[in-house]
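Examining the three-dimensional arrangement
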2 protein chains.
Amino acid sequence: MAKAGSTSRPTRIQREKRQAIFEAALDVFSEKGLRGATLDQIAEAAGLSKQNIVYYFNGKEAIYSELLESLLEEWVRPLRDLSADGDPLDEILTYVSRKMEMSREMPRESRLFATEILHGAPRLGNMLTEDLKTLVDEKAAVIANWMVEGRLATIDPHHLIFSIWAMTQHYADFDLQVQAVLGPVRSETRFEDAEGFIRHMLVRALHP
Amino acid sequence: MAKAGSTSRPTRIQREKRQAIFEAALDVFSEKGLRGATLDQIAEAAGLSKQNIVYYFNGKEAIYSELLESLLEEWVRPLRDLSADGDPLDEILTYVSRKMEMSREMPRESRLFATEILHGAPRLGNMLTEDLKTLVDEKAAVIANWMVEGRLATIDPHHLIFSIWAMTQHYADFDLQVQAVLGPVRSETRFEDAEGFIRHMLVRALHP
DNA sequence: TCTTTTTCTGACCGATCGTGCAGAAATACC
DNA sequence: GGTATTTCTGCACGATCGGTCAGAAAAAGA
């Protein structure tokens, strides 16, 4: 009788099935968007029945919201790991590498967040204006401090972060366009060249 | 009896109503996506009845497709206008300015194309692999030639173009996130700072 | 083994949405 | 003014989709 989403500890089956649904939902939502996706598609991708999906989650929107929520931490971790103690250029280039790695290995997550923000991010709510803003302001301050110390060229740290987001995520979100324009090129080459280009840009821009 | 979309010349009413529908559709589609948008929403935004919408277009998808088609030319014009005869850095910075202007003045169009590509671009079809690829290859060759002549630093021209797309369109597509992170800042300031940053990056990266 | 709890399914409902169509209303044409 | 054409609406159908619910099936617990 007890609902699956209750407060008590989840059973093995609950953990496995909910994980399978998340995985399937990531597939479907990242490809079709929240409204374009159907419960049937998610169910089929997860190998479950539609009613069984509803058994584990309170409807489609709940899956979507919880999925976003569950991915958020990992998504911003590279920026969180940018350390004031390291070498300035190293820290920033490492951040770029990790963002490029995510574009390569987690394009579905990238597209999911992109679509959400693109369409008004009603579900990310104050995550953006509070948590994310706080994090970015903190790291921008770190970078600004490096600039004051003369260890980096002086440019706007916020827009620096935006430009890194833009350039790296571009290769996940618009990979289709990139592939269309570049023509048949090995996937590894594509990402290696892209990362090399971005690193080159930033080295030039940030060298004091 | 003659359908509105026939081959004969359109009447004044047809031109006006179809334009009104395009305008409304741009509003709704850019905000909700193809599947999230409904004919009723478009009809209301256009000040027409749903059935009247169908009278002028062969269904929802037709509006979407024709809208994309009608915007494509204008969308790529800045790149098309990049001239081999001008000063290399001037040409590229002018391109950036025009792209930033579009992000500022045409965010709906930017989001429309972004969403379309993000979700597989089934309607842009060979527009990407043929027309766009041809155009980009042509301009990349122009830029590469400038580099051979020693008038620009040598970097990958394709990824240079991608990075300009990424950075400029970022301020249209993810404006919500940018605003959330920057906090309350005048819109003009936001775009001016962004353009200044991008120009600064590119000048540093491209100076021979 | 027997009972309890969890997990899953079949049948179904209400709402939404895209679309078709006959005919009314408005406009253009002669 | 009368006819032809275009423009618009009322009505309604069929399909899709999210969600409900009773109860079967399976698993866990005793």
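What you see is a predicted model; the values in this text were computed from it and never measured.

Re the overall build of chain A
A tally of helices and strands in chain A yields 10 helices and 0 strands. In sequence order, chain A lays out its α and β elements as α-α-α-α-α-α-α-α-α-α. Along the first, second and third principal axes, the C-alpha atoms of chain A reach 65 × 45 × 30 Å. Going through the 208 residues of chain A one by one, you find that 51% of them count as buried. Of the contacts formed within chain A by residues at least 6 apart in sequence, a portion of 70% connects residues at least 24 apart.

Some thoughts on the relation of the copies chain A and chain B
Rotating chain A by 180 degrees and translating it 0.0 Å along the rotation axis places it on chain B, where the RMSD comes to 0.0 Å. Such values leave the two copies arranged in the relation of a two-fold axis. Considering only C-alpha atoms, the residue of chain A closest to the rotation axis is A:Ala166, which sits at 2.6 Å. Taken as a fraction of all interface residues of chain A, those also at the interface in chain B reach 100%, which identifies the copy contact as same-surface.

Quick notes on the domain arrangement of chain A
Residue and element names in this part refer to chain A. Taken domain by domain, chain A consists of domain 1 (12-57) and domain 2 (72-206). Once you take the C-alpha centre of each, domain 1 and domain 2 turn out to be 29 Å apart. Counting the surface lost from both domain 1 and domain 2, the interface buries some 560 Å², and carbon and sulfur atoms represent 61% of this. By the criterion of area lost to domain 2, the three top residues of domain 1 are Leu26, Ser30 and Leu34, representing 69% of everything that side buries. For glutamate 23, the salt bridge identified is with arginine 108, shortest N-O distance 2.9 Å. The interface formed by domain 1 and domain 2 includes 2 residue pairs in polar contact (both at pLDDT 80 or more). When the residues that make up the side of domain 1 that touches domain 2 are grouped by side-chain class, the tally is 3 nonpolar, 1 polar and 2 charged.

Let's talk about the protein's contact with DNA strand C
Around DNA strand C, the surrounding shell holds 18 residues, and the nearest of these are A:Thr11, A:Gln14, A:Lys17, A:Gln51 and A:Tyr56. If you look at DNA strand C and keep only atoms within 4 Å of the protein, 60% of those are sugar or phosphate atoms. Within the side chain of A:Gln14, one N or O atom sits 2.7 Å away from a phosphate oxygen of DNA strand C. At 3.4 Å from a phosphate oxygen of DNA strand C is found a main-chain nitrogen or oxygen belonging to B:Ala37. Among the secondary structure elements, those contributing two or more residues to the surface near DNA strand C are helix H1 (12-36) and helix H3 (50-56) of chain A together with helix H3 (50-56) of chain B. The element contributing the most residues to the surface near DNA strand C is H3(A), with 4 residues. Residue composition of the surface near DNA strand C, by class: 7 nonpolar, 8 polar and 3 charged.

Points about the interface of chain A and chain B
A common way to state how big an interface is: give the accessible area lost once the parts meet. Across the boundary between the two partners, chain A contributes 52 residues, which contact 52 residues of chain B. With both sides pooled, the region where chain A packs onto chain B buries about 4,700 Å², and carbon together with sulfur makes up 72% of that total. For chain A, the biggest contributors to the area lost against chain B are A:Leu118, A:His159 and A:Val181; these three give 15% of the whole. Connecting chain A to chain B are 0 salt bridges. Along the contact surface separating chain A from chain B lie 7 residue pairs in polar contact (both at pLDDT 80 or more). For the side of chain A that touches chain B, the elements supplying multiple residues, two or more each, are H1, helix H6 (107-118), helix H7 (126-148), helix H8 (157-173), helix H9 (175-182) and helix H10 (187-206) of chain A. Classifying every residue of the side of chain A that touches chain B gives 26 nonpolar, 15 polar and 11 charged.

Examining the confidence of the model for chain A
Residues with a pLDDT of 70 or more make up 96% of chain A, whose mean pLDDT is 94. Between residues 1-6 of chain A, whose pLDDT stays under 50, and residues either more than four places distant or in other chains, the model counts 6 contacts.

A few points about the environment of B:Lys60
Residue and element names in this part refer to chain B. Following the sequence through the fold, lysine 60 ends up in helix H4 (residues 60-80). In sequence terms lysine 60 and phenylalanine 113 are 53 residues apart; their C-alpha atoms lie 17 Å from each other. Apart from the residues within four sequence positions on either side, lysine 60 is in contact with Phe29, Leu34, Arg35, Ala37 and Leu39. There is a polar contact of 2.8 Å between the side chain of lysine 60 and the backbone oxygen of alanine 37.

Parameters and conventions
- Residues numbered from 1 in each chain as written.
- Chains lettered and ligands numbered in written order.
- Predicted model: local features only at pLDDT ≥ 70, side-chain atom pairs only at ≥ 80, totals over all residues.
- Heavy atoms only, no water.
- Helix = DSSP H or I, 4+ residues; strand = E, 2+ residues; numbered from the N terminus.
- Buried < 20%, exposed > 50% of the residue type's maximum accessible area, 1.4 Å probe, protein only.
- Contact = heavy atoms within 4.5 Å.
- Least-squares fit on C-alpha atoms with pLDDT ≥ 70 in both.
- Domains from an automatic or database assignment.
- Buried area = accessible area lost by both parts, 1.4 Å probe.
- Salt bridge = Lys/Arg side-chain N within 4 Å of Asp/Glu carboxyl O.
- Polar contact = N/O pair within 3.5 Å; in protein donor to acceptor, adjacent residues only side chain to side chain.
- Nonpolar A, V, L, I, M, F, W, Y, C, P; charged D, E, K, R; others polar.
- Near = heavy atom within 4 Å.
- pLDDT = per-residue confidence, 0-100.

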